[in-house]
Amino acid sequence: MLQFFKYVFATLVGILVFFILSFFILVGIGSALSSDEKVVVEDKSVLKLDLNKPIAEVGVENPLSELGGPFSGNENVTGLKDIKDALKSAQKDDKIKGIYLKAENPQAGWATLEEIRNQLLEFKKSKKFVVAYGESFSEKGYYLASLSDKIYLNPAGGMEWNGMSAEYSFYKGTFDKLNIKPEIFRVGSFKSAIEPFIRENMSDSSKKQSAELIGAIYGNFLTNISNSRGIAVPVLKGFADSLTIDNPKAALANKLVTHLGYWDEFENSIKKELSIEDKKNISYIGVEKYVKSDVTPEDGDYNNRVAVLIAEGEINSGEGSDESIGSDDFIKELKKARDNDKIKAIVLRINSPGGSALASDVMWREIQITSKKKPIIASMSDVAASGGYYMAMGCDKIVAQPNTITGSIGIFGLIFNVKDFMNNKLGVTFDAVKTSEHADWPTATRDMTEFEKSMIQKSVNEGYANFTSKAAAGRKMPVEKLRSLAQGRVWSGTEAKANGLVDVLGGIDDAIVIAVKAAKLKEGDYRVRYFPEKKKPIEELLGKMMGNSEDKVLDRNLGELSTYVKMYKKLMNMGGMQTRLPYELIIR
C-alpha cells in the first residue's frame, strides 16, 4: 500500500511540474509574440508577394502553426488589407525596388484577386519592376501574373488555360437511398439553392444564370489579360477552346509568358534589375513583415475616422465566428461605430453568400438606423448575395467589383422529413399526444398535411415580398422592376451595375472615397479603421489552444472529403427561412 501511495504521489508531482513548466513556456512565448517587432527594410529590397496562401479580408497570423498540436488550428491567412497597404507603401518606399509575385494558385475569390490586381497596376506607375515566377500557373494565378514585366514559367511545369466552369453537387440520390424526404418551400424561378436536394442535375433556369454569370466573369478575365499582354480577346479565347497552351513551350510561343527558366535563372534576372553581384543574396521581405515597418506613418486627423466594418461568412442569428456573421455581434459593432462621434462614415465590407432570413432582416434594420445618422456605404467582395445583398441594400450606395457574385434576391424554406429514414433504416418510430391538431408543427418526424405545407409556403411568400419591397425602396425603383431582377437570380457585378442593383464598379478604396465625400471630409484629413482589427499573434495562439477551427481540422484530416462532411453539417444546422446563394457554387 505504501508503494502505491508513493507512485500516486510521484505522478501528482510530475503533473504539477508539467503544468508549471508549460505555464512558464507559454508566458515566454506570449512575451515574445506580444513584444513589438522592429522591422528594418534594407536597401535594394524586393517585396515578396506570396499569394499561394488563403486570403481573407483581415489576416490571421499564427507564427507557431508549423509546430502542430494545439498551435495548428488555423494556418496563416494573408489579409487583403495587409496586401493593399504593403503595395501602397512599397510604391513610395525608395528601399523597395520591385515586387516578386508568387501567385501560382491563389486561394481567393475573383473579386479579391481584382482588388490585388488593380493595386499592382497602381504600383507599376512607380516604374518599379514586377516579376513573376511559377512552377505552374492556375488561371487565377496567371490573372495576377499577367501584368508582370517578366513572367517566368518553369520549363518542366505547366499552365492552366482551358476556360471556366461552374459546378454544383446534387444529393437527391443520397436522400432517396436514405429515405429522407426534403420538403421545399420557395419563391423565385432562379432560386437554385434548393436544387441539390430535389434534383440530380441543374434546371434550365439554373444553367442559364450560371452560364451568364461565369460568362461575365470570364469576359472580364480575358479583357484584362488582353490589355496586359497585348493579345486580342478572341485569340485568348481560342487558346482555351483548342487547348493550345498544353505545355510551357506553347505558353512562351503564344506570348503568355516572357521566359522559360528555373528558379536560379529567375533570381539572376532580379539581380540584374537590382545591379547587385551574383554571389550576393537578394533581400526579400514578405507582406507580414513589411507592414510592421514604419515606412508610412499614419496621417490624418484621429478625430475624423472612416470605419470599415467587415462582414464575412454565412449569416446566422446570435453570435458569429471567424467563419460566420452573427447578427448579435454585428449589431453590437455597428452600434459602436454609429454612436462613436469620431467615426464620421462607415464602409460595410460584405463577403457573404447569405444565410438566415431573420438575421439578415435584423441587421438590415440596424443598417437603416445607421444611415439616418451617418453615411454608410456597401463594398462587395467576392460574393454579396441573398442575405449578403440584403445587408447591402440598406446602405446609401453599393460598390461592387465587376466579378463580384451578387443578387440572388429570393427566399426558401427547407425541412427534412426523416420519418422513413428513422423507421426503415434505424428501426426508430415516433408517437405523440397533443392539445391541438398542429401542436407539433412544423415537424420532421411525420408527413405534414397540405394545409400545414401551405402555411409554410405562405410565410416564404411573405418573406419574399418583404425582401423585394425593401430592396426596391433601397434601389429607388418600382417593385415590379425589382422583382423582375429578383426571383433568386444571380448576377455578376457588371450585370448588377447595368440593371441597377449596384451603383458603382470598384473596390474597397472606391467605397472609402465615396464615404469620405458623403461625410464631407477633406482629403488626407481622416484615418481609416478596420473592425474587427487583426488579432495579435498571442491572441491567435490562445485561440488555437482554447479551441481549433473545426473546419480546418476537417480539411486537415479528411482532405477533399471534408467538403461533403461540412455540407452535411450545414444541412443539419439550416433552420427557418433562408436567403442564401445557390448552394456551393464552385467556379473553376
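Bear in mind that the values here come from a model prediction, so they are computed numbers and not experimental data. (Residues numbered from 1 in each chain as written. Predicted model: local features only at pLDDT ≥ 70, side-chain atom pairs only at ≥ 80, totals over all residues. Heavy atoms only, no water.)

A. Representation of helix α12 (residues 327–339) within the structure. Under the 1.5 Å per step criterion, the end-to-end length of α12 is 18 Å for 13 residues, consistent within 8% with the ideal 18 Å. Buried within α12 we find S327, F330, I331, L334, A337 and R338. Buried residues of α12, viewed axially, fall in a sector of 125°; they line one side. (Helix = DSSP H or I, 4+ residues; strand = E, 2+ residues; numbered from the N terminus. Expected span 1.5 Å × (residues − 1). Buried < 20%, exposed > 50% of the residue type's maximum accessible area, 1.4 Å probe, protein only. Arc of directions from axis to C-beta.)

B. Quick peek at the pairing of strand β16 (residues 376–385). The element β16 is largely enclosed, with a buried count of ten among its ten residues. In the sheet, strand β14 (residues 343–352) pairs with β16 via six bridges, with the strands oriented parallel. Residue pairing in the sheet places L348 in a bridge with A378 of β16. Alignment of β16 against strand β17 (residues 397–400), held across four bridges, turns out to be parallel. Counted as the bridge partner of S379 is V399 from β17. (Pairing = 2+ DSSP bridges.)

C. View of the sheet that holds strand β10 (residues 283–286). Strand order in the open sheet formed by six strands is β9-β6-β5-β4-β1-β10, with parallel pairing between adjacent strands. At either margin of the open sheet sits one strand with a lone partner, and together these are β9 (259–260) and β10. Bridge count for strand β5 (residues 129–137) against strand β6 (residues 150–159) is six bridges, and the pairing is parallel. Residue pairing for β6: A132 is matched across the bridge by I151. Its contacts with the sheet place helix α2 (residues 80–92) against β1 (45–50) and β4 (96–102), and it is angled at close to 160° to β1. Seen against the sheet, helix α3 (residues 110–123) touches β1, β4 and β5 and runs at an angle of roughly 150° to β4. (Contact = heavy atoms within 4.5 Å. Axes fitted to C-alpha atoms, helices over the stretch in contact; angles between N-to-C directions.)

D. Looking closely at the packing of helix α7 (residues 204–229) against helix α8 (residues 233–242). Two numbers describe how α7 lies on α8: the axes approach to 9 Å, and their chain directions differ by 120°. Here α7 runs over α8; the crossing is right-handed. Listed contacts from α8 to Y218, L222, T223, I225 and S226 of α7 are V233, L236, K237 and A240. Here the residues of the contact of α7 with α8 are counted per class, giving six nonpolar, two polar and one charged. (Left-handed = near helix turned anticlockwise from the far one by under 90°. Nonpolar A, V, L, I, M, F, W, Y, C, P; charged D, E, K, R; others polar.)

E. Spatial organisation of the nonpolar core. With 55 residues, the main nonpolar core has L47, L49, L51, M159, W161, F221 and L256 as its most contacted residues. Counting residues per element, this core draws most heavily on α7, at six residues. Apart from the residues within four sequence positions on either side, L256 is in contact with Y142, I151, M159, W161, R229, I231, L236, F239, I245 and A251. The next biggest cluster of nonpolar side chains, apart from the first, holds 50 residues, and it includes A357, M363, A378 and A486. (Core = buried A, V, L, I, M, F, W, Y, C linked by side-chain atoms within 4.5 Å.)

F. Quick look at the side chain of D93. Along the chain, the position of D93 falls in the loop between α2 and β4. Buried charge without a partner: D93 forms no salt bridge, and the closest opposite charge is K128, 6.0 Å away. At 3.0 Å, the side chain of D93 and the backbone nitrogen of K95 are in polar contact. (Lys, Arg positive; Asp, Glu negative; His and termini not counted. Salt bridge = Lys/Arg side-chain N within 4 Å of Asp/Glu carboxyl O. Polar contact = N/O pair within 3.5 Å; in protein donor to acceptor, adjacent residues only side chain to side chain.)

G. The arrangement of unusual backbone geometry in detail. The linkage connecting W441 with the following residue, P442, adopts the cis geometry, with an omega of -5°. Structurally, the position occupied by P442 is in the loop between α15 (419–425) and α16 (450–475). Following F531, the chain continues to P532 via a peptide bond in cis, the omega torsion being 0°. Position of P532 among the secondary structure elements: in the loop between β22 (527–531) and α20 (537–546). The backbone phi angle of K44 is positive, close to 55°, even though this residue is not glycine. With respect to the helices, strands and loops of the structure, K44 is situated in the loop between α1 (2–34) and β1. Take K44: its relative accessible area is 35%, and that puts it in the partly exposed class. We note that S408 has phi near 55°; this positive angle belongs to a residue other than glycine. Residue placement: S408 occurs in the loop between β18 (405–407) and β19 (411–417). Look at S408 and you get buried, because its relative accessible area is 0%.

H. Spotlight on the confidence of the model for the protein. For the protein, the average pLDDT comes to 85, and 80% of its residues sit at 70 or higher. In the model, residues 31–35 has pLDDT below 50 throughout and makes six contacts with residues more than four positions away in sequence or in other chains. Ignoring residues within four places in sequence, the model shows residues 66–73, a span with pLDDT below 50, making 18 contacts including any to other chains. (pLDDT = per-residue confidence, 0-100.)

I. Quick peek at α7. Between its first and last C-alpha atoms α7 spans 36 Å; for 26 residues at 1.5 Å apiece the expected length is 38 Å, and the two agree. Within two residues after α7, G230 carries a phi angle of roughly 70°, on the positive side.

J. Just the pairing of strand β11 (residues 305–312), in detail. Extensive coverage of β11 is indicated by the burial of seven of its eight residues. Relative to β22, β11 runs parallel, the two being bridged by five bridges. What sits directly across from V306, in β22, is V528. Strand direction decides the pairing type here: β11 and β14, joined by eight bridges, are parallel. Paired with V308 across the strands is V347, a residue of β14.

K. Spotlight on the packing of α12 against helix α13 (residues 357–371). In the contact formed by α12 and α13, the axes pass within 10 Å of each other and the chain directions differ by 5°. Taken together, α12 and α13 sit at an angle that is classed as roughly parallel. In contact with S327, F330, I331, L334, K335 and R338 of α12, α13 contributes A359, V362, M363, E366, I367, I369 and T370. Of the residues in the contact of α12 with α13, the class split is eight nonpolar, two polar and three charged. (Parallel < 35°, antiparallel > 145°, perpendicular 65-115°, else oblique.)

L. Fine view of the packing of aromatic side chains. All told, the structure shown has 19 aromatic pairs when counted by the stated rule. With centroids separated by 5.7 Å and ring planes inclined at 70°, the aromatic side chains of W110 and Y143 adopt a geometry described as edge-to-face. With a gap of 33 residues between them, W110 in helix α3 and Y143 in helix α4 (residues 139–145) connect regions that are remote in the sequence. Residue W110 is classed as buried on the basis of its relative accessible area of 8%. With a relative accessible area of 1%, Y143 lands in the buried category. (Phe/Tyr/Trp six-rings, centres within 6.5 Å; stacked < 30°, edge-to-face > 60°.)

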